[in-house]
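Report on the structure
Residues per chain, in single letters:
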Amino acid sequence: MTNLSKTGTALETPPGDGAPRAFLDVRDLKVHFPTDDGLVKSVDGLSFQLEKGRTLGVVGESGSGKSVTSLAVMGLHRLGARGKNVRMSGEIWLDGKELVGADPDEVRRLRGREMAMIFQDPLSAMHPYYTVGHQIVEAYRVHHKVTRKAARTRAVELLDRVGIPEPAKRFDSYPHEFSGGMRQRAMIAMALVNNPELLIADEPTTALDVTVQAQILDLIRDLQKEFGSAVVIITHDLGVVAEIADEILVMYGGRCVERGPVDSIFYEPQHPYTWGLLGSMPRIDREQTDRLIPVKGQPPSLINVPSGCAFNPRCPYADVPAGDLTRTERPELREVGSGHFSACHMAPDERTRIWTEEIAPKL
Amino acid sequence: MTEPRNPAREASHDDDAAPLLKVEGLVKHFPIKKGLLQRQVGAVKAVDGIDFEVRRGETLGVVGESGCGKSTMGRLITRLLEPSGGRVEFDGADITHLKTAGLRPLRRDIQMIFQDPYGSLNPRHTIGAIVSAPFRLQGVEPEGGVKKEVQGLLERVGLSPEHYNRYPHEFSGGQRQRIGIARALALKPRLVVADEPVSALDVSIQAQVVNLLDDLQDDLGLTYVIIAHDLSVIRHVSDRIAVMYLGKMVELADRTSLYQAPMHPYTKALMSAVPVPDPRRRGAKSERILLRGDVPSPIAPPSGCRFHTRCWKATQVCATKEPPLLELAPGRRVACHHPENAADQVPGDAPLASARDAVALVGTAPPAAPVPPQAPAGEQ
Amino acid sequence: MITYIIRRLIAAVILLLVVTAVTFGIFFILPKLAGQTADQLAQQYIGKNPTPADIAAVKANLGLDKPVYEQYWDFVKGIVSGTTYNQGPTTVRCDAPCFGFSFKSRSEVWPQLVDRLPVTISLAVGAAVLWLLSGIVVGVISALKPGSFFDRAAMGGALAGVSLPIFFTAQLFLLLFSYQLPIFGRTYVPFTENPSQWANTLFLPWCSLALLYAAIYARLTRSGMLETMSEDFIRTARAKGLRERTVVTKHGLRAALTPIVTVFGMDVGLLLGGAVITETVYSLAGIGQYAVQAIRDNDLPPILGVTLLAAFFVILLNLVVDLLYAVVDPRVRVS
């Protein structure tokens, strides 16, 4: 965790032109969707950085904006029938290139080659009418002018690398002929076929059985070591990020509420929502607790996000800061430790006290 | 979770020692038909001979991976499906082959909660209509009227009585699951079978529902069978836990001993695969067992012990002889020839060749060779 | 795959048998149930003022006094291998497939049908090509820009196309483009004789039919395409960096078209059994027109023949669709 201070300081004071940028540098990203019911603010001012060779775990519940963020980085929101409607602002820098304002065709050429993505449900994410091999070959040949035969060789090689037995034979199988775990392996092969420098995995193991999940996480970890790419892993499962991530970003209501090195988030969390997530989760590695500590209430509406801190209606400590601060003013991310940021109105000492005295003993 | 009793039911059975539900040799095969004449060529052996009992007031957790038959088992004991073989006894009465009329009274005593809070509520009906449906179907008129009773139920599961006239789409996933629970509890059932009750919910909401189920059990003296794939959730909610693999029960034990010292290798592998939300344990995982390959098909399960194809302890006997579910320690039943944390049942047997490559130990495996972009192909 | 084909084939044959049984029942058993005697049935074959001897001869000849199952057996046998009728000293041979003789013209039904089939096929196939192409193109463009001006205009037009009855549009076309502006001819010429004349005459009928069907297909394609384009595999295709054109055609359209193939097979099959209104308005001597004439004349055998032919086409096209489905969608092949 040597370069954390670098990624950390960049957050509060964005450097001017010419200042060194992280490999992936997202600044004040906003993704809004106008609908009949109102403006859905799926992502509303998100910033983070990620260097090559590191893994960022993005954690949050459904509707927190984590998947929307990943699709925004990939430039996938602007495509298709709904692409006209989406309102995006902010900056996404990938390896020195800005993507939000870039020419769509330029972004397309980066997609699949410099940045690739793995999806949650590999059965629906693969085309049912084409063989697995064909779909990998297709991904390779968009970006490489090679013969079919060479592309096939490459695809078989990747299938072999991700652990598919008899890859040359399975090349001609259709997705429905694969098991869930094999499909996700094939999906990973498809994403890695062009040696991307950024790999985004959106809930890559949620649809899989626990023993297969362990295999896939292990594979992703190995491949990252081997390819040295930056990995963003999106999940609702804190166990998964604890296994695989170097840094963690906790999202709530379209914004980052806390981010920092994995150890800080798990052992010195500074945001009541993070506490809530940790308390909600039954733990297999601890003594049996009598009751879980749930977060009360329901996730926020993204159309009418609560004013002030979006978490205030569900926060047990909303009244700790003086006055009406939590309901009127949105807390900004502030550095609370080395590379560790949190957006909460409570004073850091107060938070540390609550965590160590009230929360941690109950986990 | 002690054994509180429902005072309303107490009169019916004083014999608390007898289990509420008893299952013997339960089998469910779904036939596969093929060819011109649609002959039966095989069967999906979803549940293939399991024995267990559910004690009054306890929570039995059933855990396993997809295809292990746990959901089918749930539908068999609630008699949404008819067993192909074996015997199911509820409160001393044989319910294995009851027909529609005979099942009617049973539906009051056994209720089911489903995974999908979206699919299991009719979008055209109000919450009031959904939760009061059991009263209508069974022709029960509670004291004070159906509406009052339903509003009481809604309050009981943490919703507001004013929700009576609203429609399912106005509710979030967690609230819908509460509605499903209210419906299941309407007729004061004695056994509630919950199939993945929280797996479609967000973590923070999951905890709300788990706590609710816990409270309801304490207050109403319910007996639960909770089916889930999530081992952490199962450990939290269960008194005893059954582990299933390919239609068989491989281990059945109380929670503490199962999690502290699993006896079946599959249980051990399963627990070792759960990602632990404790990053510091990442480095210390050389002990971790990573099973290779996938679960075999339940159409043609492996011979002998069904786990032998993926087991690192498998020997000759495992491939030929099916291990019976034996009580190897008090209250702990295991179906294994070579259990962990217990005496070997068939010592000195020659190991199977496949056992050597069955597992990888994470953290000790050397990194694989990098893939150059244009390496020569092995075969075309 | 082979068992799949065989199973489909057997199912098709059984279905055809059922259709013949039902048709036979409607035409020969229902009249009996309604009180018609064998004599009265026989009388229809002879014309006015028959002698009792004539009636008896015809009755014996056609087997009208035999038990019903024997009659049905003869009927099916006639279709498969032909029948020989003994009318006194002369024998009349009705070759397979024998659908009997028209009451009215005394001519064999089958050769009549064969004569008229090219007209109907020309009409149906030409119209099908036209509506399939236009419907899909309009539907895809609409689906890619839902809510756009094109989409609204096209869907409005489609609504009009579906609601305008074909006898109205056909008359209108005929009046405008053949009588007022003599662009298109009105006399059918076989393709083999003069292809351009053939197309010239058939163009208006094609358009009238295609207008109706294209409207339906445009709406079908649009909804299918909208659904497909929001599938996960489309997102995957885009994430690979494929051009949007490739995504739409290779990944989107192929999946969206599968259900359309089913409807298309049905529609073409139905039309091959005779496009009654279109053929009548444009005076095309096709199967449909033949049927209309037969119904007017209360001429049972031709009606029976057309019904069976139409059923045959529907079943045949459905078979083709089923097989195509297996080619298009690999998941079907397994089961």
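Owing to the predicted nature of the structure, the values given are computational and were not obtained by experimental measurement.

Residues and elements named next belong to chain A. Overall, antiparallel pairing links the four strands, which are arranged β2-β1-β4-β5 in an open sheet. The open sheet has two edge strands, β2 (38-50) and β5 (97-98), and neither has a second partner. Where strand β4 (residues 87-94) lies against β5, two bridges are found, and the strand directions are antiparallel. Counted as the bridge partner of Trp 93 is Glu 98 from β5. Lying over the sheet, helix α2 (residues 66-73) contacts β1 (24-35), β2 and β4, oriented at roughly 70° with respect to β2.

Residues and elements named next belong to chain B. Pairing is antiparallel in the open sheet, where four strands are placed in the order β2-β1-β4-β5. Across the chains shown, the open sheet's two edge strands, defined by having one partner strand only, are β2 (39-54) and β5 (93-94). Two elements, strand β1 (residues 21-34) and β2, share twelve bridges in a ladder whose sense is antiparallel. Bridge pairing links Leu 21 to Val 54 in β2.

All names here are of chain A. With three bridges joining them, strand β11 (residues 334-337) and strand β12 (residues 340-342) adopt antiparallel strand pairing. Note on β12: the bridge partner recorded for Arg 334 is Ser 342. Where β11 folds back onto β12 in an antiparallel hairpin, the turn is made up of two residues, including Gly 339, whose phi is positive at roughly 70°.

All right, on to the UniProt feature "domain: ABC transporter" (unreviewed entry) in chain A then. The UniProt feature table records "domain: ABC transporter" (unreviewed entry) at residues 26-278 of chain A. What you have in residues 26-278 of chain A is 40% helix and 26% strand, and the ends, taken at the C-alpha atoms, are 27 Å apart.

Counting residues at the interface gives 22 residues for chain C and 26 residues for chain A. Mapped by element, the contributors of at least two residues to the side of chain C that touches chain A are α9 (232-239), α10 (244-272) and α14 (330-334) of chain C. With six residues, the top contributor of residues to the side of chain C that touches chain A is α9 of chain C. Considered class by class, the residues forming the side of chain C that touches chain A number nine nonpolar, three polar and ten charged.

Thresholds, definitions, all that
- Residues numbered from 1 in each chain as written.
- Chains lettered and ligands numbered in written order.
- Predicted model: local features only at pLDDT ≥ 70, side-chain atom pairs only at ≥ 80, totals over all residues.
- Pairing = 2+ DSSP bridges.
- Helix = DSSP H or I, 4+ residues; strand = E, 2+ residues; numbered from the N terminus.
- Contact = placed C-beta atoms within 7 Å.
- Axes fitted to C-alpha atoms, helices over the stretch in contact; angles between N-to-C directions.
- UniProt positions renumbered as here; feature names shortened; annotations may be inferred.
- Nonpolar A, V, L, I, M, F, W, Y, C, P; charged D, E, K, R; others polar.

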